[in-house]
Amino acid sequence: DNNTMLGDSAGRNVTSGSQNTLIGKNAGFFMDNESGNTFMGAFAGYLGNDGDDNTFLGARAGYQNIGNDNTFIGSEAGRNNTSGTDLTFIGERAGFQNTTGNNLTIIGVEAGYNNTTGFDNTFVGKTAGRQNTTGYRNSAVGNEALYDVSTGHHNAAFGDSAGLDNGSGMYN
């Protein structure tokens, strides 16, 4: 079914999936009938057995993912994502704790690290939006921008440490 698998136990459980590229030890290990995925790195997409059209590059990137249309680049980027969709996480541990948040763009080392269910957020910069858990419709550009916006929504912060202690603030 046009699958490519390279590495110890890569795609071990694939039965009817098609057009997948799985490279690295245990990459896509529990996949069975998914399609259109590219996983490169040890344990990339390891537990995912439901998501289609995902790209994960890096050790343990997308480790638990079952969502669709996601791109995770960096070691442990999107590691705990379950059903979140339309996600772009770039950087080591970017979006690490996300579970069901959708429509997120998170770029930078540990940017959006604690986001779990927050949606429609954009965090760009090292640890930008790091403490966000359920906050939504926030935009932060700059190292540590909106670092502590845990539950806040509709905020915008641009610049190094901008909105650092915003917490639950809204419409800033």
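Quick caveat: nothing in here was measured; it's all calculated off a predicted structure.

The next subject is the overall build of the protein chain. Summing up its helical and strand segments, the protein chain has 0 helices and 10 strands in all. Starting at the N terminus, the α and β elements of the protein chain follow one another as β-β-β-β-β-β-β-β-β-β. Against the compact-globule benchmark of 16 Å for 172 residues, the protein chain has a radius of gyration of 16 Å, which places it among compact chains. Dimensions of the protein chain along its principal axes, counting C-alpha atoms only, are 50 × 20 × 15 Å.

Right, let's talk about the sheet that holds strand 8 (residues 122-124) for a bit. Read from one edge of the open sheet, 10 strands run 1-2-3-4-5-6-7-8-9-10, paired in parallel fashion. The strands lining the two open edges of the sheet, one partner per strand, are strand 1 (4-6) and strand 10 (156-158). Across the sheet, the mean angle separating the axes of adjacent strands is 5° when strand polarity is ignored. Of the strand pairs in this sheet, strand 6 (residues 87-90) and strand 7 (residues 104-107) are connected by 4 bridges, and their pairing is parallel. Bridge pairing in strand 7 places Thr88 opposite Thr105.

Another aspect to go through is the side chain of Asn114. Take Asn114: it is sitting in the loop between strand 7 and strand 8. Note on Asn114: relative accessible area 19%, which makes it buried. Setting aside residues up to four positions removed in sequence, Asn114 forms contacts with Gln97, Arg130, Gln131, Asn132 and Thr133.

Attention now goes to the pattern of salt bridges. Applying the stated criterion to the full structure yields 6 salt bridges. Residue Arg79 pairs with Glu76 through a salt bridge whose shortest N-O separation is 3.1 Å. Among the residues examined, Arg79 registers a relative accessible area of 18% and is labelled buried. The closest approach of N and O atoms between Arg130 and Glu110, which form a salt bridge, is 3.0 Å.

Okay, the packing of aromatic side chains next. This structure, assessed with the given rule, holds 10 aromatic pairs. Three or more aromatic residues joined by ring pairs form one cluster here, namely Phe29, Phe30, Phe43, Tyr46 and Tyr63. Over the aromatic face of Tyr113 sits the side chain of Arg130, whose NZ or CZ is 4.3 Å from the ring centroid.

Okay, the pairing of strand 7 next. What you see with strand 7 is a clean split: Leu104 and Ile106 sit on the buried side and Thr105 and Ile107 on the side with no burial. Relative to strand 8, strand 7 runs parallel, the two sharing 3 bridges. Each residue of the ladder has a partner; that of Thr105, found in strand 8, is Thr122.

Moving on, we come to the side chain of Glu76. Turning to its location among the elements, Glu76 is positioned in the loop between strand 5 (71-73) and strand 6. Classification of Glu76 by relative accessible area gives buried; the value is 15%. The contact partners of Glu76, leaving out residues within four places of it in the chain, are Ala59, Arg60, Ala61, Arg93, Ala94 and Phe96.

Definitions and cut-offs
Residues numbered from 1 in each chain as written. Predicted model: local features only at pLDDT ≥ 70, side-chain atom pairs only at ≥ 80, totals over all residues. Heavy atoms only, no water. Helix = DSSP H or I, 4+ residues; strand = E, 2+ residues; numbered from the N terminus. Rg over C-alpha atoms; globule rule 2.2 N^0.38 Å. Pairing = 2+ DSSP bridges. Axes fitted to C-alpha atoms, helices over the stretch in contact; angles between N-to-C directions. Buried < 20%, exposed > 50% of the residue type's maximum accessible area, 1.4 Å probe, protein only. Contact = heavy atoms within 4.5 Å. Salt bridge = Lys/Arg side-chain N within 4 Å of Asp/Glu carboxyl O. Phe/Tyr/Trp six-rings, centres within 6.5 Å; stacked < 30°, edge-to-face > 60°. Lys NZ or Arg CZ within 6 Å of the ring centre and 35° of its normal.

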